[in-house]
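Examining the three-dimensional arrangement
One letter stands for each residue in the lines below.
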Amino acid sequence: MSNTPINEYEQARLDKVTKIRELGVDPYGGRYPDTEAASAIVEKYDPENEEQVVRGAGRIVLFRDIGRLIFITLRDWTGTVQIGLSKKLLGDDWAVAKLLDLGDIVGAAGSLGKTNTGEVTIWVTDFKLLCKATVPPPEKFHGLQDVERRYRQRYVDLFSNPEVMDTFKNRSQIIQSIRSMLQDKGFMEVETPMMQSIAGGAAARPFSTHHNALDMDLFLRIAPELYLKRLLVGGMDKVFEINRNFRNEGISTRHNPEFTMCELYQAYGDYNVMMDLMEEIICELVVQRSSTMRLPFDGREIDYSGPWARRTYADLFAEHVGCEISDIARIREIARTLEIGEKQMADAVVANELFEHFVEDKLVDPTFVIDYPAELCVLTRRKVDNPEIAERFEMYIAGMEIANAYTELNDPAIQEENFRSQLKGQEETEAQMDEDFVMALKYGMPPAGGLGFGIDRLVMLMTDSPCIREVILFPMMRPVD
RNA sequence: GGAGGCGUAGCUCAGUUGGCUAGAGCAACGGCCUUUUAAGCCGUGGGUCCUGGGUUCGAGUCCCAGCGCCUUCACCA
């Protein structure tokens, strides 16, 4: 892709670069200060005063040369504005204007008026070529459609497909809103290690790497949880982190090897507090986008109006699988018909396979699934009146797991025991016990609620993007060669 | 990793049952045009049909292998 030979298009533009230089003009002009956004310029038009002088800059996305007059549609990241270049007004710069192409970046200033057909237009008196594009942009009407190239050359995707720019503006705004909501509630943002010698806090295969100077193997983190809880021990009562996790698993429309999570912990809270918080955060994001609390996603409509359903794991299991969670014999029987390799699995794991198979995709409108089998929850406090059940919820929207939260386990003895029995199940893996984490609990961690939710998936929902690659600027791709 | 689909000009796409020199629009090049709106009109050029094999008188089209992407299943959030 980088070594494609120069074709007629590139050659034609390189010839123009030479001609522009011969005119004494730098085809890669420098600063063009004091510009206004294209959308603001159009907004500013005043029919009573067509003498207003405005300055704008952007990329040429449409080019209409009608002889001694050229109309150009400039686009910046706020919108488009038309500029009109005439031989009369431009003088010496007219020769440069005649050498412009789609994709070039220019600055222009002049009075703001309207054309006969009513389009707001800058009648340019001051003109500067800021960057000559030497390869042509994609087709002006359809933009860049080739999915592979859209991801590999996201820069082209962004400037030629405004809806893609919108998605990423939305992503930024969503993260910004979450940050400010949490900060307003007294949470402090922290950063914890991405490179860990023990990849803990979740069940997933990690990426491994090596530190040369320390001659030490390291893992990219699969979760920040164990470090954030150390901060609870340290006395940071409300903390959150919005950052990348890395999981060495398959890639799909809902999975990218690196993805962004928001994890937060609140001392003296529990999973009920986390449920309220999760619902509040997402509803606020929906309010910013919808007056009806409904948003489209993947061809259907999601109803975010609260209060959201809170259903127990056992209830949903019975409803959709068709047998009680306690009926192990029946559960294994169903698992066999689905060709799930259930023989090596613990009872709760087999049941969870069925839960994922039968229940998850039924949870379209936001639903909290609460009270998980304790066996599945290594880091979670158990219910006082029923130690078989953990105080955990997962929250689903559109069949996707969006959040996972629990009342944090702060009993070091149970924690150590849970780690040990977890390790027994995966003897041949790289999993290790995080002994320092247990030590931290021994010093005393306040009871707390903890919540993690996937930012990428949330952005998918808020922007009606059915594929996670549409909300990650540079998704994982195989190299071209 | 399994299954299915896709890959044609710079871009967006057609291409029938295997049949003559592979087409269109945009874009490019030359010309005309001072109020265009995906500007218009006249003319010209532009192809490793993803790559490599094979079948055939003849392959963009059929077969095999490979590469990349998309979807789906598995793993996972």
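Residues numbered from 1 in each chain as written. Chains lettered and ligands numbered in written order. Predicted model: local features only at pLDDT ≥ 70, side-chain atom pairs only at ≥ 80, totals over all residues. Heavy atoms only, no water.

**Looking at the overall build of chain A**
Counting its regular elements, chain A contains 15 helices and 19 strands. For the C-alpha atoms alone, the extent of chain A along its principal axes is close to 85 × 55 × 50 Å. Each of the 481 residues in chain A was classed as buried or not, and the buried ones make up 46%. Sequence separation of 24 or more characterises 65% of the internal contacts of chain A that already satisfy a separation of 6 or more. Approximately 24200 Å² of chain A is accessible, and the part contributed by carbon and sulfur atoms is 49%. Between the centroid of the 54 positive side chains of chain A and the centroid of its 79 negative side chains there is a distance of 6 Å. (Helix = DSSP H or I, 4+ residues; strand = E, 2+ residues; numbered from the N terminus. Buried < 20%, exposed > 50% of the residue type's maximum accessible area, 1.4 Å probe, protein only. Contact = heavy atoms within 4.5 Å. Areas by Shrake-Rupley, 256 points an atom, 1.4 Å probe, with all protein chains shown as cover. Lys, Arg positive; Asp, Glu negative; His and termini not counted. Charge placed at Lys NZ, Arg CZ, Asp CG, Glu CD.)

**Examining the protein's contact with RNA strand B**
Surveying the vicinity of RNA strand B reveals 51 residues, the closest of which are Arg 64, Asn 116, Thr 117, Glu 148 and His 255. For RNA strand B, the backbone makes up 55% of the atoms found within 4 Å of the protein, where backbone means sugar plus phosphate. Within the side chain of Lys 16, a nitrogen or oxygen atom sits 3.1 Å from a phosphate oxygen of RNA strand B. At 2.4 Å from a sugar or linking oxygen of RNA strand B is found a side-chain nitrogen or oxygen belonging to Asn 116. Of all elements in the fold, only helix H1 (8–22), strand S1 (53–65), strand S2 (69–76) and helix H5 (147–152) reach the threshold of two or more residues within the surface near RNA strand B. Its residues assigned to classes, the surface near RNA strand B shows 18 nonpolar, 13 polar and 20 charged. (Near = heavy atom within 4 Å. Polar contact = N/O pair within 3.5 Å; in protein donor to acceptor, adjacent residues only side chain to side chain. Nonpolar A, V, L, I, M, F, W, Y, C, P; charged D, E, K, R; others polar.)

**Points about the packing of aromatic side chains**
Within the structure shown, the criterion is met by seven aromatic pairs. A centroid spacing of 6.0 Å and a plane angle of 70° characterise the contact between Phe 71 and Trp 123, whose relative ring orientation is edge-to-face. You can see Phe 71 sitting in strand S2 and its partner Trp 123 sitting in strand S5 (residues 120–131), a full 52 residues away along the chain. Judged by relative accessible area, Phe 71 falls into the buried class, the value being 14%. One cation-aromatic arrangement involves Arg 55 over Tyr 32; the distance from NZ or CZ to the ring centre is 4.2 Å. A cation over an aromatic ring shows up here: Arg 392 above the ring of Tyr 372, its NZ or CZ 4.9 Å from the ring centre. (Phe/Tyr/Trp six-rings, centres within 6.5 Å; stacked < 30°, edge-to-face > 60°. Lys NZ or Arg CZ within 6 Å of the ring centre and 35° of its normal.)

**Quick notes on unusual backbone geometry**
Omega for the bond connecting Gly 306 with Pro 307 falls within 30 degrees of zero, at -5°, which places this linkage in the cis form. Its identity is not glycine, yet Asp 371 carries a phi of approximately 65°, on the positive side. Relative to the helices and strands, Asp 371 is located in strand S15 (residues 367–373).

**A word on the nonpolar core**
By size, the foremost hydrophobic cluster in this structure holds 47 residues, and its most contacted members are Ile 178, Leu 264, Ile 282, Tyr 304, Phe 393, Met 395 and Phe 453. No other element matches the ten residues that helix H9 (residues 271–287) contributes to this core. Here Met 395 is in contact with Met 278, Ile 282, Trp 308, Pro 366, Thr 367, Phe 368, Met 400, Glu 401, Ile 402 and Ala 403, once residues within four sequence places are set aside. Of all hydrophobic cores here, the second largest spans 26 residues; its members include Ile 72, Leu 74, Leu 90 and Phe 127. (Core = buried A, V, L, I, M, F, W, Y, C linked by side-chain atoms within 4.5 Å.)

**Examining the pattern of salt bridges**
In this structure the tally under the stated criterion is 31 salt bridges. For the salt bridge of Asp 104 with Arg 13, the shortest nitrogen-to-oxygen distance reads 3.9 Å. In this pair, Asp 104 sits in the loop between helix H4 (94–97) and strand S4 (105–114) while Arg 13 sits in helix H1, placing the two residues 91 residues apart along the sequence. Across the pair, Arg 13 and Asp 104 agree in class, each one buried. Notably, a salt bridge pairs Lys 16 with Asp 101, separated by 2.7 Å at the nearest N-O pair. Here Asp 101 lies in the loop between H4 and S4 and Lys 16 lies in helix H1, a separation of 85 residues in the sequence. (Salt bridge = Lys/Arg side-chain N within 4 Å of Asp/Glu carboxyl O.)

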